[in-house]
Amino acid sequence: MVTCERCHTPIPAGSKAVRARRGSGQTATICTTCAAELRSKGRVKPPPQQITQKAAAEPVKANNEDSGTRWYKTLGGGFVFLAGAILLYFQLSGLEAGTVSRVRVPWPIVFVYQMFGLWGVVSCFGVFALIFFGWGIAQLFGELGRGS
Ligand SMILES: [Zn+2]
């Protein structure tokens, strides 16, 4: 049995306990009656600004995902990684064969190359491509399933 931390009456199992923010920043479990009372008095602190901004940003993102079809963007990402894998394969194999003297790539790719070599880089990009392809196809079928 949960007891209200404000009025010290047991909260019935059917009734919902409320987590309220105290002035000290800790949360307290209170009954719905106390929650309504605190809310009307305005004693419950409003959430910090950061949370408010985050909450405001989230519905925008959710709306975009609902209204727009995203599967082609995900598949496009898969193609980008596939193209990257092919491009890096030719550049790095050229480097190893001595036909290319210098390859300019971002440092994470250099790191993977130094750790796992040419095929490490190519398979890394290939795995990302497969993830994006699988994800995009799943999104596509999900949208077809919804009938949109
Ligand atoms: Zn109470």
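It should be emphasised that the depicted structure is a prediction, and the values quoted were computed from it without experimental measurement. Going along each chain's sequence as written, the residues are numbered from 1 onward. The predicted origin of the model limits local features to residues at a pLDDT of at least 70 and limits the giving and counting of side-chain atom pairs to 80 or more, whereas totals for whole chains, interfaces and linings rest on all residues.

**Student:** Which residues make up the overall build of the protein, and what values go with them?
**Tutor:** Secondary structure is summarised from DSSP: a helix means a run of H or I of at least four residues, a strand means a run of E of at least two, and numbering begins at the N terminus for each. Within the protein, the secondary structure is distributed over 4 helices and 4 strands. Taken from N to C terminus, the helices and strands of the protein fall in the order β-β-β-β-α-α-α-α. Any residue whose C-beta has 12 or fewer other C-beta atoms within 10 Å is treated as exposed, any with 20 or more as buried, and any in between as partly exposed, C-beta atoms being built from the backbone. Counting only residues that meet the buried cut, the protein has 11% of its 148 residues in that class. A pair of residues counts as a contact when their C-beta atoms, built from backbone coordinates, are within 7 Å of each other. Within the protein, residue pairs in contact and separated by at least 24 positions form 51% of the contacts whose partners lie at least 6 positions apart.

**Student:** Can you break down the pairing of strand 4 (residues 27-30) residue by residue, with the values?
**Tutor:** Note that strand 3 (residues 18-21) and strand 4 share 4 bridges and pair antiparallel. Following the sheet pairing, V18 is matched in strand 4 by I30. Joining the antiparallel neighbours strand 3 and strand 4 is a turn of 5 residues, in which G25 adopts a positive phi near 100 degrees. Only when DSSP finds a minimum of two bridges between them are two strands counted as paired.

**Student:** Quick rundown of the packing of helix 3 (residues 71-97) against helix 4 (residues 107-146)? Include the residues and the values.
**Tutor:** Inter-axis angles, ranging from 0 to 180 degrees, are taken between N-to-C directions of lines fitted to C-alpha atoms, where helices are fitted over the stretch in contact. Two elements in contact, helix 3 and helix 4, have axes separated by 7 Å at closest approach and are oriented at 160 degrees. With respect to each other, helix 3 and helix 4 are oriented roughly antiparallel. Note that helix 3 runs across helix 4; the crossing there is left-handed. Throughout, the ten residues Ala, Val, Leu, Ile, Met, Phe, Trp, Tyr, Cys and Pro are labelled nonpolar, Asp, Glu, Lys and Arg are labelled charged, and all others, Gly among them, are labelled polar. In the contact of helix 3 with helix 4, the residues fall into 20 nonpolar, 8 polar and 2 charged. Any angle from 65 to 115 degrees is called roughly perpendicular, while one under 35 is roughly parallel, one over 145 is roughly antiparallel, and all others are oblique. Note: crossing handedness is left-handed where the near helix turns anticlockwise from the far helix by less than a right angle, and right-handed where it turns clockwise.

**Student:** Can you explain the environment of R19? Please cite residues and give values.
**Tutor:** Mapped onto the elements, R19 comes out in strand 3. Along the sequence, R19 and T29 sit 10 residues apart, while their C-alpha atoms lie 4.7 Å from each other. Residues contacting R19, with those up to four places away along its chain left out, are T27 and T29.

**Student:** Can you break down the nonpolar core residue by residue, with the values?
**Tutor:** For our purposes the nonpolar core covers buried Ala, Val, Leu, Ile, Met, Phe, Trp, Tyr and Cys residues that link as a set through C-beta atoms within 7 Å. Counting 10 residues, the largest nonpolar core consists of F81, L88, L92, Y113, V121, V122, C124, F125, A129 and F132. Sorting the residues of this core by element identifies helix 3 and helix 4 as the ones contributing at least two each. By residue number, the principal contributor to this core is helix 4, which donates 7 residues. For F81, the contacting residues outside a window of four places in its chain are F125, F128, A129 and F132. Listed in part, the 5 residues of the second largest apolar core include I11, V18, I30 and C31.

**Student:** Would you mind going over unusual backbone geometry in detail, with residue names and values included?
**Tutor:** The phi dihedral of H8 falls on the positive side, at around 60 degrees, and the residue is not glycine. Relative to the helices and strands, H8 is located in the loop between strand 1 (2-3) and strand 2 (10-11).

**Student:** Describe in detail helix 3, supporting the description with residues and values.
**Tutor:** If you check helix 3, its first and last C-alpha atoms are 39 Å apart, about what 27 residues at 1.5 Å a residue would give, namely 39 Å. Every buried residue of helix 3 is accounted for by G78, F81, L88 and L92. Buried residues along helix 3 sit in contact with helix 4. Following helix 3 by one or two positions, G98 has its phi on the positive side, about 90 degrees. Between the first and last residue of a helix there are one fewer steps than residues, each counted as 1.5 Å, and that sum is the expected span.

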